[in-house]
Amino acid sequence: MPQLSDTMTEGVVVTWEKQPGDKVERGDIVATVETDKAIMDVEVFKAGYLAGPLADIGATIAVGAALGYITDTAGDMAIAAGEVVEEQAQTEMIPHHAGTPIVMPQLSDTMTEGVVVTWEKQPGDVIKRGDIVATVETDKAIMDVEVFQEGFLSGPIADVGSVVEVGHPMAFIVDDAAKANDTGVTISADHKIKETHHVAPLAADRPAHIPMPKATPTQVSAAGTLPPVARPQGRQASPYARKVAAQLGVNLAGLAGSGPSGVIVAADVARARPSMAEVAHSLPQVDVPGQGRAMTSMEKAVSHAMTASLTLPTFDVTMNINTAALTAAAKAKKVSVTVAIAKACSVAMAKFPRMNWAYQPVDKLVERSNHDFGVAVMSNDGGLVVPILHGIEKKPLDALQGDWTGLVERARVRKLAPAEYANPTFTISNMGMLGVSHFTAIPTPGISAILAIAANGPQGTPFTITGDHRVLNGADVALYLVALKQTIEAPESWIQDSGVRDQETVAETVATSATHAAPVSPIPEGNWDFPVVVVGGGPGGEDCARDLADHGIKVLMVNNEPFPGGECLWRGCIPSKAWRAAADVIRNRAHDAGMGVDGTNTPKLNWEQAEKHRRWVQASRGDMALKADKGMKIDVREGYGEFVDPHTLKITPVEGEPYTVSFGAAVIATGAPALVPPIPGARENLATGGVVTSDTIWNLASPPKKLGIVGGGVIGVEMAQIFRDFGTEVLMLERHDRILAETEEEIAKHLISLLEKEITVVTSADIKEVGGTPGAMTLRYSNKDGVESTFDCDVILMATGKRPDTGKLNLDKVGVELDGAAIKVNARCQTSAPHIYAVGDVIGGYMLAHTAATQGRVTADNLLGHASEYDQDKDCGVTFSRPQAGFVGLSVAQAKAKGIDAVEAKMPMSIDAKAMITGETEGMIKLVADKASGRIVGVHYLADHTDTLIGIGVMMVAGEMTLTQIAKAIFPHPTQTELFGELARRLLNRLRRTAKR
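Each chain carries its own residue numbering, running from 1 in the written order of its sequence. It should be noted that, the model being predicted, local features are given only for residues of pLDDT at least 70 and side-chain atom pairs only at 80 or more, the latter also being counted only at that level, while totals for whole chains, interfaces and linings use all residues. Hydrogens and water are ignored here; the side-chain numbers use all heavy atoms of the structure.

**A few points about the pairing of strand 5 (residues 48–51)**
For two strands to be treated as a pair, DSSP must find no fewer than two bridges joining them. Secondary structure elements follow DSSP: runs of H or I no shorter than four residues count as helices, runs of E no shorter than two count as strands, and numbering proceeds from the N terminus. Here strand 2 (residues 23–24) runs beside strand 5; their pairing, made up of two bridges, is antiparallel. Bridging across to strand 5, Val 24 finds its partner in Gly 48. Pairing geometry for strand 5 and strand 7 (residues 69–71), over three bridges, is antiparallel. Looking at the pairing, Leu 50 lines up with Ile 70 of strand 7.

**Some points on the side chain of Thr 962**
Residue placement: Thr 962 occurs in the loop between helix 19 (946–958) and helix 20 (963–968). In this structure Thr 962 touches Asn 320, Gln 459, Ser 933, Gly 934, Arg 935 and Ile 936, once residues within four positions along its chain are discounted. By definition, residues are in contact when any of their heavy atoms lie within 4.5 Å.

**Quick word on the sheet that holds strand 17 (residues 183–187)**
Ordered in space as 14-17-18, the three strands form an open sheet in which the pairing is mixed. Across the chains shown, the open sheet's two edge strands, defined by having one partner strand only, are strand 14 (157–158) and strand 18 (193–198).

**Side note on the pattern of salt bridges**
The term salt bridge refers to a pairing of a side-chain nitrogen on Lys or Arg with a carboxyl oxygen on Asp or Glu at a separation within 4 Å. All chains considered together, the criterion is met by 36 salt bridges. Residues Glu 567 and Lys 802 are paired through a salt bridge, measuring 3.3 Å at the closest nitrogen-oxygen approach. Here Lys 802 lies in the loop between strand 42 (795–798) and strand 43 (818–819) and Glu 567 lies in helix 11 (residues 566–570), a separation of 235 residues in the sequence. The pair formed by Glu 567 and Lys 802 is uniform in burial state, with each residue classed as buried. Among the salt bridges present, the one from Glu 611 reaches Arg 615, with a minimum N-O distance of 3.4 Å. Residue Glu 611 and its partner Arg 615 are both found in helix 13 (residues 607–631); the two are separated by four residues, about one turn of the helix. Glu 611 sits in the buried class, given a relative accessible area of 3%. Each of Arg 580, Asp 584, Arg 587, Asp 725, Glu 758, Arg 882 and Asp 944 takes part in a single network of salt bridges with overlapping partners. Each residue gets one of three labels from its accessible area relative to the maximum for its type: buried under 20%, exposed over 50%, partly exposed in between, using a 1.4 Å probe on protein chains only.

Here you go:
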């Protein structure tokens, strides 16, 4: 079992891609395993034949333990007990009773070998689980080698500089100190053992630990376009080291090498990074004619800093921000917009302090809390000067304005003192005031980020941050820009009070405005049986429990079914889509003749096989989920949970006596059962099976010949079309004036017109009575004109939605309030009892599996102390009709109700080349955008492949992408995805034309 993440200690076998007896080659994928983060491939680095015994599917295997075996002999199907199988290196590296090998880990997806850089432990040293025993150089970085077994370090131990293949031993761990030996081996670049000797003790002047980057490849990254430096005369340097030297500006001459035979490796280069002045003079110089004057100390410092900036591995992230509100607020406060923006940057940075950190040679991070921002201004002689506003995090706006006025005066005549221009923690450059439409700025060593502000445009003002990839990653910068956008576009939450409150309080105000107050200590401290209990094992409860377990929280999940999955797996998404898949095959055959394929237009449903397939999918996924949960150390128990008091849960198991557990925090994820309205005869016929719901329809022995459906929502529409494709006659009754009331109006209207060609739909219906026996049921109803009718059918489906039922939870004993039938929560999914959260159908809103799962992860974030919210405006959904209806975010009407001046563009599927080819031309796609900023706030679909296409809409809305970004994106042809680019360009052109008017 390989270690596929830095936190992985074990994995669950998901599949075997090869079988015993199969020939395998180096690099083959033989299995997949579920780690603590994802399902990942298991790659082998030895050729041979796969042999058993293989670990069972679903088995939990510790890192380093055997999943299976590779033999050199064809026909070997299994390895006998006690047979030697670990031929991972030459026999000198595997003596008898060597113990457990410490193998070269695969620390990147491209790594096939590593170079031993240091040993942090010596033979005979005590080893504990989680210890760092060595560092190795991969193809990307210097990284730690962590072990997950206790014992004593023993040889044979690979010398520093040895090149070891992935999966091969570097040393061993023995269970008895007396078994440890101090044998050392030198392994060459071609993986051959050159010599064997005794390991020399550590030199007295050697530090116990040489600081190295920890799992952060970009800290010694060779990313960049500069060519590698030349090999130093008379010396050897690895190609990778020469690439790194080019990016960091390191002169290899005279550099000590720690690789094999003194070869210079990347680690040596990283440790030799020069000062700014050294870089400035070591990079190529151009002889310029004329008489030069000596630079002033400030000019010299700027020059060296700008030259040294070429050594930074940087990346750029841009977001458009509407600065109108901040400009107006700054004017009202009588401060410059520059000062207001600097303060806004500081306020947002309170939530993302890493933006204020810096890389320090060699391989250190300086974590700073002081906000000393450099802000670029133009000097009188045309040069650029960057004076520093000090203490922005604690000073009020009027004090900052006073500081800034004096700084600008001195900067313009270049009279700044060194302390006024040296060592900023963050830098802001506003060339937008000069009309520049877009630019990126250059960060210098000593800061991790610089902000470039361009001129205001149709989509807002571009704010571009260039970040140092050794300190920041893309997510850091993106999330900071989101917070900065919230801060700038809602200045009323902080600007008025910034003169009387400190930065921490101001940041808390912004956090309250944006996230309704970040939790501080969500899990109460105490001697609990479980820090967190989760009541319910559906998508919401399970995702919450998994995220908590991922972070080392001991979690109990109580589920009232043998397997997790909830309604989605057992009564909703999964079984209905299994039926839908069978129905799709039948429906799709109608297109075949038009495309020149004859003889396929009479498909026949095999109900028994369809049901067998459905149940197999459900059982397989349920079993996988349970094993994964247990593999993650979630304590899963079957039973019913109810609250005894605010910190005690009573569990009634299926068998045995009830018992109680104490908890610090609880998460309610109990879902919502199907609602049966008080129609005469409806509830009475549930027991007979003449009336079914979305919870009980799965018990049908066969498809009905005639089906009555009460309710025209998503469930009703999906079931109506499924059974229509199965050959059933369907009548749908809806008490409102149209079905699909929650679907975007135009999308719904188009879909309804298609549905009415296949099934009978009666809206504004008054259902009078339900009666009969299974197989001979009667629906009596009247239409909007009051004309009464009856419909004789085999079975009646009550597709009238769901309603939470919390009666058995004893919520009154824990102070949890209800909002109607649903549990009342805030955007953090927190109930009126601060230590109790609720997610999924039980809180109302969108009753969708992915919504519940998202809310579960939001809850886990808050329980872990990270402010997080569920944003319904970025949620999505698919109705699995044919064609499929779908939505992401807001419609135009919803956007306007929220004060957004929204516009939309739409295109019919009938003009799409791919849709024409496949005969799937019904429907349309609509794009909804904020007119002022161009930000996409909604995407709406009616298309045969909405379930696939919707992912692009999700990324657009979740990523707050703009029309311009989508218009410039390159979509492949012919695919239906290219409609998004066409829509964005069409809407941009319309906005451009209307703006000129």
